[in-house]
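So the chains spell out like this:
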Amino acid sequence: MSKNSALLLAGGSGTRMAAATGGGNKVLLDLGGEPVLCHSLRTLLGSRCFDRVVLVHRDEDRARLEERLDSGGLAGSVDWVVGGKERFDSVHAGLEFLSKVGAPKNVLIHDSARPFVTTAMIEESLAKAAEFGASTVAVPLSDTLKREDGGFLVETLPRKHLYRIQTPQAFDFQLLFAAHKRFRNAPDPMVTDDCMLLEKEGRGIAIVSGCESNIKITTPFDLKLAQAILEERRNAAGEEF
Ligand code: C5P
């Protein structure tokens with residue numbers, strides 16, 4: 001049995017990026033000279049934590065993805081799987097593929113729209129999935145939360161125990177795959193992410209410390225922010241030499 005596999009999700013389109021992509025895939029947009037998704041792919045591959053990295057993509061993006069990965073020397077390093085309509089369906093397609101080619105002990109799932117995942121996050125996610133069955137990268141909430149009623153804010157909610165969820169998320173493969181199959185047989189519109197499937201079954205998800213720079217590129221503003229983060233990182237790396 002292989003130990004760890006990764007699913008890198010690139011099967012969406014990014015409707016809030018339509019102005020910049022013309023309906024294309026936002027993770028193919030340029031970030032510092034290569035597509036957004038290449039940044040997290042390099043980190044996954046460079047971590048040396050995975051026997052297999054599966055790129056879950058849209059059928060219509062395959063040729064362009066292959067060409068861009070090829071020019072970055074990355075095309076031969078991934079398995080290709082066509083995703084589905086929703087993110088959840090794309091995860092399921094990736095899990096089905098892994099179960100056919102040889103189920104790993106743990107699977108790590110990452111949104112390719114988050115280019116700044118770190119090796120430390122990957123290692124801690126896998127370690128916690130191995131120990132507790134499931135983990136997610138998350139950051140404590142810093143904003144004040146208020147409840148609205150009738151157009152007015154009427155109550156301040158305690159935020160002490162609240163987190164914003166990022167990716168990667170990592171799981172014991174069999175645990176997640178079984179939960180996915182149960183969900184396919186009895187869908188629940190309230191369930192919007194993989195961790196929720198396990199929470200519903202009473203399992204706690206271990207927390208891995210995320211960071212503010214592990215942003216998800218959703219809007220054109222996020223892409224500008226990502227360019228600034230990348231520039232700062234490149235400058236910092238340059239200063240070390
Ligand atoms: O659209 P959003 O940014 O929330 O998508 C999060 C991640 O899930 C992205 O990396 C996107 O490519 C992926 N995704 C997918 N299949 C879908 C929808 C989204 O792989 N059907």
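This text follows the structure it describes.
About the cut-offs
Residues numbered from 1 in each chain as written. Predicted model: local features only at pLDDT ≥ 70, side-chain atom pairs only at ≥ 80, totals over all residues. Heavy atoms only, no water. Helix = DSSP H or I, 4+ residues; strand = E, 2+ residues; numbered from the N terminus. Buried < 20%, exposed > 50% of the residue type's maximum accessible area, 1.4 Å probe, protein only. Polar contact = N/O pair within 3.5 Å; in protein donor to acceptor, adjacent residues only side chain to side chain. Contact = heavy atoms within 4.5 Å. Near = heavy atom within 4 Å. Areas by Shrake-Rupley, 256 points an atom, 1.4 Å probe, with all protein chains shown as cover. 1 Å grid on protein atoms, 1.4 Å probe; cavity = no way out; pocket = protein on both sides within 12 Å on 5 of 7 lines; lining within 4 Å. Points joined across faces, edges and corners; volume = space filled by probe spheres on them. Nonpolar A, V, L, I, M, F, W, Y, C, P; charged D, E, K, R; others polar.

Novice: Honestly, the side chain of Q169 in this entry has me stumped. Any pointers?
Specialist: Following the sequence through the fold, Q169 ends up in strand β10 (residues 163-172). Relative accessible area serves as the criterion here: at 2%, Q169 is assigned to the buried category. At 3.2 Å, the side chain of Q169 forms a polar contact with the side chain of D193. Those residues in contact with Q169 that sit more than four places away from it in its chain are V107, L108, I109, S135, T136, D193, D194 and C195.

Novice: How do you make sense of the site of the ligand when you look at a structure like this?
Specialist: Residues in close proximity to the ligand total 14 residues, the closest being G11, K26, G84, S90 and K216. The side chain of K26 places a nitrogen or oxygen atom 2.7 Å from an oxygen atom of the ligand. The contact in question runs from an oxygen atom of the ligand to an N or O atom on the side chain of K216, over 2.8 Å. With the chains in place, 85% of the 470 Å² that the ligand exposes on its own is no longer accessible.

Novice: How do you make sense of the layout of surface pockets when you look at a structure like this?
Specialist: Vacant regions in the atomic arrangement are exposed by a probe of water-molecule size rolled over the atoms. Space inside the largest pocket adds up to approximately 780 Å³. Lining the largest pocket we find 34 residues, and of these G12, K26, R87, D111 and K216 sit closest to its centre. Elements represented by at least two residues in the lining of the largest pocket include exactly β1 (4-10), α4 (87-101) and β10. Here the lining of the largest pocket takes four residues from β10, the largest share from any one element. There is about 180 Å³ of room inside the second largest pocket. Lining the second largest pocket are E34, H39, R42, T43, P115, F116, V117, L230, R233, R234 and A237. Contributions of two or more residues to the lining of the second largest pocket are made by α2 (36-46) and α8 (220-239). The greatest single-element share of the lining of the second largest pocket, amounting to four residues, is contributed by α8. A class-by-class count of the residues in the lining of the second largest pocket yields five nonpolar, two polar and four charged.

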